[in-house]
Amino acid sequence: MEGKTSKAWFDSGEFEESYHYDEPLGAFSGEQGTCFRVWAPTAQQVAIRLYQAGNDAPAIEKIFLGKGSKGTWLYSTTRNLDGWYYDYEVTVDGVTRCTPDPYAKACGVNGQRSMVIDLAGTNPEGWEEDKAPELTPEQVIYELHVKDFSWDLSGGFGGADRGKFTALCRTGMTLHNDGVHPTGLDYLKRLGVTHIQLLPIYDYGSVDETRPDSGYNWGYDPVNYNIPEGSYSSNPYRGEVRIRELKQAIAALHKHGFRVIMDVVYNHTYELESPLFKTVPWYYYRQDSSGKASNGSGCGNDIASERSMCRRYILESALYWVEEYHIDGFRFDLMGLLDDTLMNSLQKELDSRYGVGEKLVYGEPWRADKTAAREGTLLCDKGSLKRIDPKIGAFCDDTRDAVKGNVMNEGSVGFVNGGRISADTLRKCVAGWAGESGPFRTPYQTITYLSCHDDWTLWDKLVYTMDQSKNFRGSASNIQKANRLAAAINFCCQGRPFFLAGEEFGRTKGGIKNSYCSSAEVNQLDWSRAWQNRGLVDYYRGLIALRLQCPGLQDKTAQAASRILWASDIGHNCAALCLDNQHGKWETLLMVFNCGEQPQQLSLPEGKWQVLVDGDSAFQWKLHISVRESCTVMPKSALILGKFLSDQ
Ligand code: CA
């Protein structure tokens with residue numbers, strides 16, 4: 001075995017046959033004793049060190065592990081070591097590396113030492129009864145960062161909750177504790193979203209957990225894949241605390257009507273010298289032809305998901321989060337680096353365990369650069385979406401860029417901020433670029449969005465392209481109009497709608513494009529701004545509420561595109577689209593988007609039409625205003641009409 005750590009050897013069928021291992025790995029404890037098993041087929045020697053604390057205190061014992069089958073090493077004892085901490089010393093080719101257990105379920109501060117844990121003891125009260133709300137036919141996904149949610153003082157969160165999992169459990173929070181204007185969970189309930197997608201909540205490396213308030217990061221730098229992040233817990237030193245507090249947060253979100261999606265980064269690790277690398281050097285990583293770490297992630301390394309033990313690792317990890325933490329779905333970071341066998345197997349396993357489509361899987365169908373995957377590997381990028389499980393969704397950059405301009409090119413504009421709208425592109429956006437119009441199989445696969453944590457917020461992009469003074473913190477009415485128009489287009493698309501937390505109140509990061517390690521103050525949800533721009537918030541609320549009444553917009557089938565009866569350019573910079581809305585409250589929907597600076601006259605098709613949305617309000621459908629024959633669409637605004645079922 002010595003020296004056999006080469007790419008060709010790890011890619012070979014011989015390696016897989018000799019060393020693929022399917023039985024449990026990690027630490028298992030109980031009345032009968034404790035057993036540790038780690039997979040390290042290239043190691044000459046493995047030792048375990050036991051500690052009574054997760055940091056500082058020296059090891060109490062060091063024990064050499066014995067060899068098990070298929071490249072595993074094990075140590076078992078009659079002692080119940082619950083609550084003990086441990087790490088491994090793995091010797092490969094004469095080099096000894098100290099590492100936490102990659103299969104650990106708990107750890108000490110900063111994830112440097114693993115912890116033996118009895119998971120049943122981490123369950124909060126009522127956990128056995130915790131149940132996600134019923135899956136709604138339409139899913140509206142809201143992307144939220146744990147710390148952003150409760151950091152701003154105006155949100156009214158108490159000091160102990162600021163930036164923590166526990167803030168997600170609090171109800172009755174109000175702006176500056178005024179008792180009137182809801183923030184936090186109550187605000188989200190009012191908004192009407194169905195799924196909360198949390199930015200990374202597994203243990204990541206870029207924030208020092210001993211000084212959690214002084215650091216900030218989005219968390220795309222995984223260290224322990226199967227353990228919650230410590231800086232979001234009230235005590236990162238005790239391994240059970242972060243587990244219990246995350247479970248409490250998930251239970252609270254479920255109780256208040258939200259499903260919870262977890263953002264997972266299985267495509268790369270914080271650093272190449274990760275627990276995975278230290279136990280089996282190079283096995284979990286792609287190497288280029290010169291032996292260097294492949295860097296398609298742009299983060300210094302790429303995980304080799306196509307290798308069987310790596311696939312096992314990722315699959316098992318994702319399924320563990322669902323089983324142990326009741327997670328309702330996954331957003332895969334840079335899914336374009338992961339292979340189809342992995343993604344299909346995960347969707348299939350979730351479907352068979354929990355019901356078809358019950359747990360969501362979607363991701364970014366791209367990568368930062370080329371990757372050195374094993375030859376013949378099909379990667380889940382934009383070009384592969386029609387070849388993978390049709391339930392695996394992907395973010396749609398085409399609608400995003402058509403509406404507001406390209407994200408890479410700062411000055412690039414789209415429909416709403418100085419570009420032109422065309423009926424042809426509008427039709428494709430509405431159809432979710434599915435079937436013949438694009439890379440998606442059906443609009444079910446299409447995650448439609450205008451902004452996410454990456455790049456400028458929608459507001460900042462609009463300000464940058466529309467306001468010469470670049471007043472990001474302002475609330476100028478022309479920017480608000482463009483924002484409303486953009487949102488109206490987004491919520492009229494048949495794909496699954498997604499938006500970045502705060503997009504609905506004109507969230508700004510002051511023009512900072514990539515705020516992954518900016519301060520919490522730059523990233524936080526500014527709850528006073530949410531109140532200040534409440535008209536915009538209500539516009540999003542109205543669009544969401546209307547959408548839930550329109551089967552034509554919710555259709556996710558391969559036939560969805562055939563509901564588009566016609567799309568037509570009107571004048572210079574205005575387009576209209578007519579959609580079959582059977583079997584809804586309105587027979588057809590007429591959606592007109594005027595991106596120009598002049599009002600547009602429009603002759604209406606025959607019948608009596610109800611105004612559902614205009615440039616000011618997305619709640620017009622509550623007012624029963626009807627029009628016939630013709631109408632006017634104001635500059636930079638949307639007009640959505642619904643035709644009454646029978647001509648009354
Ligand atoms: Ca951490």
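As shown above, the structure is provided for reference.
Residues numbered from 1 in each chain as written. Predicted model: local features only at pLDDT ≥ 70, side-chain atom pairs only at ≥ 80, totals over all residues. Heavy atoms only, no water.

What exactly am I supposed to notice about the nonpolar core here?
The nonpolar side chains of a soluble globular protein tend to be buried, and buried together. W39, Y142, L144, F330, F332 and F593 are the most contacted members of the largest nonpolar core, which has 152 residues in total. Non-local contacts of F330, meaning those with residues more than four positions away in its chain, are made with I261, M262, V264, A318, W321, V322, L346, L350, L360, V361 and Y362. The next biggest cluster of nonpolar side chains, apart from the first, holds 21 residues, and it includes V46, L50, Y86 and I227. (Core = buried A, V, L, I, M, F, W, Y, C linked by side-chain atoms within 4.5 Å. Buried < 20%, exposed > 50% of the residue type's maximum accessible area, 1.4 Å probe, protein only. Contact = heavy atoms within 4.5 Å.)

So what exactly am I meant to see when it comes to unusual backbone geometry here?
Generally, phi is negative for residues other than glycine and the peptide bonds are trans, each holding for most cases. Residue H583 follows Q582 across a cis peptide bond; omega there is -10°. Non-glycine residue W282 carries a positive phi angle of around 75°. Positionally, W282 belongs in the loop between α6 (275-279) and α7 (308-325). Positive phi, close to 60°, is recorded for H624, a residue that is not glycine. Position of H624 relative to the elements: it lies in the loop between β24 (609-613) and β25 (626-627). (Helix = DSSP H or I, 4+ residues; strand = E, 2+ residues; numbered from the N terminus.)

I would appreciate a short explanation of the sheet that holds strand β17 (residues 392-396) in the present structure.
Hydrogen bonds along the backbone pair up the strands of a sheet, which may run parallel or antiparallel. Pairing is parallel in the closed barrel, where eight strands are placed in the order β10-β11-β14-β15-β16-β17-β18-β19. Direction aside, neighbouring strands of the sheet carry axes that sit 30° apart on average. As judged from the three bridges shared by β17 and strand β18 (residues 446-448), these two strands associate in the parallel manner. Residue pairing for β18: C396 is matched across the bridge by T448. Lying on the sheet, helix α4 (residues 184-191) is in contact with β10 (141-144), β11 (195-198) and β19 (496-500); it crosses β10 at an angle near 155°. Here helix α9 (residues 397-404) sits on the sheet in contact with β17 and β18, set at roughly 20° to β17. (Pairing = 2+ DSSP bridges. Axes fitted to C-alpha atoms, helices over the stretch in contact; angles between N-to-C directions.)

Which parts of the structure should I look at to understand the side chain of T34?
Of note, T34 is situated in strand β2 (residues 33-39). Within polar-contact distance, the side chain of T34 engages the backbone nitrogen of L81 at 2.9 Å. The residues contacting T34, other than those within four sequence positions of it, are F28, S29, Y75, S76, T77, R79, N80, L81 and V116. (Polar contact = N/O pair within 3.5 Å; in protein donor to acceptor, adjacent residues only side chain to side chain.)

What am I meant to see in the packing of aromatic side chains here?
In this description, a pair of aromatic rings is defined by centroid distance and the angle of the planes. All chains considered together, the criterion is met by 41 aromatic pairs. Relative to Y232, the ring of Y204 lies with its centre 6.0 Å away and its plane at 70°, an arrangement referred to as edge-to-face. Taken together, the residues Y204 in strand β12 (residues 202-204) and Y232 in the loop between β13 (222-228) and α5 (239-255) connect sequence positions 28 residues apart. The pair formed by Y204 and Y232 is uniform in burial state, with each residue classed as buried. On the basis of an interplanar angle of 65° and a centroid distance of 6.3 Å, the ring pair of Y320 and W321 is categorised as edge-to-face. The burial state of Y320 is the same as that of W321; both residues are buried. A cation sits over an aromatic face here: R496 above Y444, 4.0 Å from the ring centre. Over the ring of W456 we find K513; its NZ or CZ atom is 5.0 Å from the centre of that ring. (Phe/Tyr/Trp six-rings, centres within 6.5 Å; stacked < 30°, edge-to-face > 60°. Lys NZ or Arg CZ within 6 Å of the ring centre and 35° of its normal.)

How should the pattern of salt bridges be read in this particular structure?
Once their charged atoms are close, side chains differing in charge can pair, the charge on each being opposite to the other. Tallying each qualifying case throughout the model produces 34 salt bridges. R541 is paired through a salt bridge with D538; the nearest N and O atoms lie 2.7 Å apart. Note that R541 and D538 are positioned in helix α15 (residues 534-547) at a spacing of three residues, about one turn of the helix. For R541, a relative accessible area of 19% translates into the label buried. (Salt bridge = Lys/Arg side-chain N within 4 Å of Asp/Glu carboxyl O.)

Looking at this model, I keep getting lost on the packing of α4 against α15. Mind explaining?
The angle between the axes and the distance between the axes are what describe a pair of packed helices. At their nearest, the axes of α4 and α15 sit 9 Å apart, and the two run at 50° to each other. When the axes of α4 and α15 are compared, the pair comes out oblique. Between α4 and α15, the residues in contact are Y187, R190 and L191 and V537, D538, R541 and I544, respectively. For the contact of α4 with α15, the residue count by class is four nonpolar, no polar and three charged. (Parallel < 35°, antiparallel > 145°, perpendicular 65-115°, else oblique. Nonpolar A, V, L, I, M, F, W, Y, C, P; charged D, E, K, R; others polar.)

These results come straight from atomic positions and should not be treated as a statement about function.
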